[in-house]
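Residue-level listing of the chains:
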Amino acid sequence: MRKKIVAGNWKMNKTFSDAEDLLQEIGEELQAANNTKVQVVICTPFPYLEMATDFCQDFDYSIGAQNVSEYEKGAYTGEISAEMLQSLNVEYCIVGHSERRTLFHETNEQIKLKMENLLKQDIIPIFCCGEVLKDREENKHFDVVKKQVEESLFGFQPLDFNKIVIAYEPVWAIGTGKTATADQAEEMHAFIRSLIVEKYGKELARNTSILYGGSCNAKNAAELFAKENVDGGLIGGASLIAADFITIIDSF
Ligand code: PEP
């Protein structure tokens, strides 16, 4: 049975002490809500990971990073390796976020290398894919997502593929307040699952968690999560406010 996952992506927000407060608040509210159905992941900026994974000892969430190097180790000034993340007990890592694809020109091949490094270190990649507005207007959104999925994911052996979480994030919905409708999300998630059926078979496809991301918030999460192929969310802005994040988690 695939997992229901709600992952917060804090992006480049919060000071160290604000981050401590938010981790404490989310942890306490999660305890009070006692929701055992959902795996909660919080993806903090790199400098807070060690502090954040310490919080996991008291609270029921996992910690993720927002990026990782495509290189394993060596002379790559400023890069952070998967092995370093593992040494801090990081359990998840976002890869291929549209902000990294657009602003830092990440390619499908680089994203694949990053996932290989993460899997070697037993860290679960949260692989992001999604089309820009122009692709959707030109009715190319299925082709665009298919190419991202095929080029970055379909080289993995089934045992490795099985560990990867997918996040469909239409770029036009990220940070814009413009959410995909629940039907648009379901249509794309079902399409992605059908690609997995073709490549790896029904069982693996059934076990793959596919999250929706893009202006998912406390008001619209329940409608999105009610869809058969939407297994949770990757949440940006709304994950920075404890009460909103908890409402989203409780929307299942
Ligand atoms: C994201 O950063 O992955 C995201 C979905 O952001 P937002 O929820 O703010 O649109």
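Residues numbered from 1 in each chain as written. Predicted model: local features only at pLDDT ≥ 70, side-chain atom pairs only at ≥ 80, totals over all residues. Heavy atoms only, no water.

Trainee: Is there a simple way to think about unusual backbone geometry in this case?
Mentor: Where the residue is not glycine, phi is negative for most of them; where a peptide bond is considered, it is trans in most cases. The backbone of N34 shows a phi angle near 50 degrees, a positive value even though the residue is not glycine. Among the structural elements, N34 can be located in the loop between helix 1 (16-33) and strand 2 (38-43). The phi dihedral of D122 falls on the positive side, at around 60 degrees, and the residue is not glycine. Its location among the elements puts D122 in the loop between helix 5 (108-120) and strand 5 (124-129). The exposure class of D122 is exposed, given its relative accessible area of 60%. (Helix = DSSP H or I, 4+ residues; strand = E, 2+ residues; numbered from the N terminus. Buried < 20%, exposed > 50% of the residue type's maximum accessible area, 1.4 Å probe, protein only.)

Trainee: Explain the site of the ligand here, please?
Mentor: Of all residues adjacent to the ligand, which total 14 residues, the nearest are K11, E169, G175, S215 and G236. A distance of 2.8 Å separates an oxygen atom of the ligand from a polar backbone atom of S215. In the model, an oxygen atom of the ligand is placed 2.9 Å from a nitrogen or oxygen of the G236 main chain. Here the ligand loses 96% of its free accessible area of 290 Å² to cover by the protein chains. Within the shell around the ligand, the residues separate by chemical class into four nonpolar, eight polar and two charged. (Near = heavy atom within 4 Å. Polar contact = N/O pair within 3.5 Å; in protein donor to acceptor, adjacent residues only side chain to side chain. Areas by Shrake-Rupley, 256 points an atom, 1.4 Å probe, with all protein chains shown as cover. Nonpolar A, V, L, I, M, F, W, Y, C, P; charged D, E, K, R; others polar.)

Trainee: Before we go on, may I ask you to explain the environment of P170 in this structure?
Mentor: The topology assignment puts P170 in the loop between strand 6 (165-168) and helix 9 (182-200). Note on P170: relative accessible area 0%, which makes it buried. Taking the C-alpha atoms as reference points, P170 and L88, 82 residues apart in sequence, are found 31 Å from one another. In contact with P170, not counting residues within four places along its chain, are G130, E131, A180, Y212 and G213. (Contact = heavy atoms within 4.5 Å.)

Trainee: How do you make sense of the side chain of S81 when you look at a structure like this?
Mentor: With respect to the helices and strands, S81 occurs in the loop between strand 3 (62-65) and helix 3 (82-87). Exposure remark for S81: the relative accessible area of 6% places this residue in the buried category. If we skip the residues at most four places from it in the chain, S81 touches V68, S69, Y71 and E72.

Trainee: Looking at this structure, I do not really get the nonpolar core. What am I missing?
Mentor: Nonpolar side chains in soluble globular proteins generally cluster together in the buried interior. Residues I26, Y61 and F127 are the most contacted members of the largest nonpolar core, which totals 69 residues. At eight residues, the largest contribution of residues to this core is made by helix 9. Filtering out sequence-adjacent residues up to four positions away, Y61 remains in contact with L23, Q24, I26, G27, L30, V40, I42, F55 and C56. Ranked by size, the runner-up nonpolar core spans 12 residues in total, among them A7, V41, I94 and I126. (Core = buried A, V, L, I, M, F, W, Y, C linked by side-chain atoms within 4.5 Å.)

Trainee: When you look at the packing of aromatic side chains in this model, what are you seeing that I'm missing?
Mentor: Two measures describe an aromatic ring pair: the distance that separates the ring centres and the angle between the ring planes. Under the counting rule described, the total for this entry stands at 10 aromatic pairs. Plain terms: the ring middles of F142 and F191 are 4.9 Å apart, the flat faces sit at 65 degrees to each other, and that makes the pair edge-to-face. With a gap of 49 residues between them, F142 in helix 7 (residues 141-153) and F191 in helix 9 connect regions that are remote in the sequence. An aromatic cluster of three or more residues is present, and its members are F55, F59 and Y61. Over the aromatic face of F104 sits the side chain of R100, whose NZ or CZ is 4.2 Å from the ring centroid. The side chain of K199 reaches across the aromatic face of Y200, ending 5.8 Å from its centre. (Phe/Tyr/Trp six-rings, centres within 6.5 Å; stacked < 30°, edge-to-face > 60°. Lys NZ or Arg CZ within 6 Å of the ring centre and 35° of its normal.)

Trainee: Any chance you could explain the pairing of strand 3 here in plain terms?
Mentor: On a regular strand, one side chain projects to one face of the sheet and the next to the other, so that they alternate. Taking every second residue as pointing to the same face, both faces of strand 3 are buried, with S62 and G64 on one and I63 and A65 on the other. With three bridges joining them, strand 2 and strand 3 adopt parallel strand pairing. Looking at strand 3, one finds that C43 is bridged to G64. Sheet analysis places strand 3 next to strand 4 (residues 92-95), joined by two bridges and oriented parallel. Residue pairing for strand 4: G64 is matched across the bridge by Y92. With helix 3 bridging strand 3 and its parallel neighbour strand 4, the resulting β-α-β unit is right-handed. (Pairing = 2+ DSSP bridges. Right-handed = clockwise from strand over helix to strand, strands pointing away.)

Trainee: Sorry, what's going on with the pattern of salt bridges here?
Mentor: Close approach of charged atoms allows side chains of opposite charge to pair. Following the criterion strictly, the structure yields 14 salt bridges and no others. In this structure, the salt-bridge partner of K134 is E138, at a minimum N-O distance of 3.0 Å. In this structure, K140 engages E138 in a salt bridge whose closest nitrogen and oxygen atoms are separated by 2.7 Å. Several salt bridges converge on common partners, so that one network encompasses R2, R193 and D231. (Salt bridge = Lys/Arg side-chain N within 4 Å of Asp/Glu carboxyl O.)

Trainee: I tried to follow the sheet that holds strand 5 on my own but got confused; where do I start?
Mentor: Within a sheet, each strand pairs with its neighbour through backbone hydrogen bonds, oriented either parallel or antiparallel. Spatially, eight strands are ordered 1-2-3-4-5-6-7-8 in a closed barrel, and the strand pairing comes out parallel. Direction aside, the axes of adjacent strands within the sheet are offset by 25 degrees on average. Relative to strand 5, helix 7 is tilted by about 150 degrees, and along the sheet it contacts strand 5 and strand 6. (Axes fitted to C-alpha atoms, helices over the stretch in contact; angles between N-to-C directions.)

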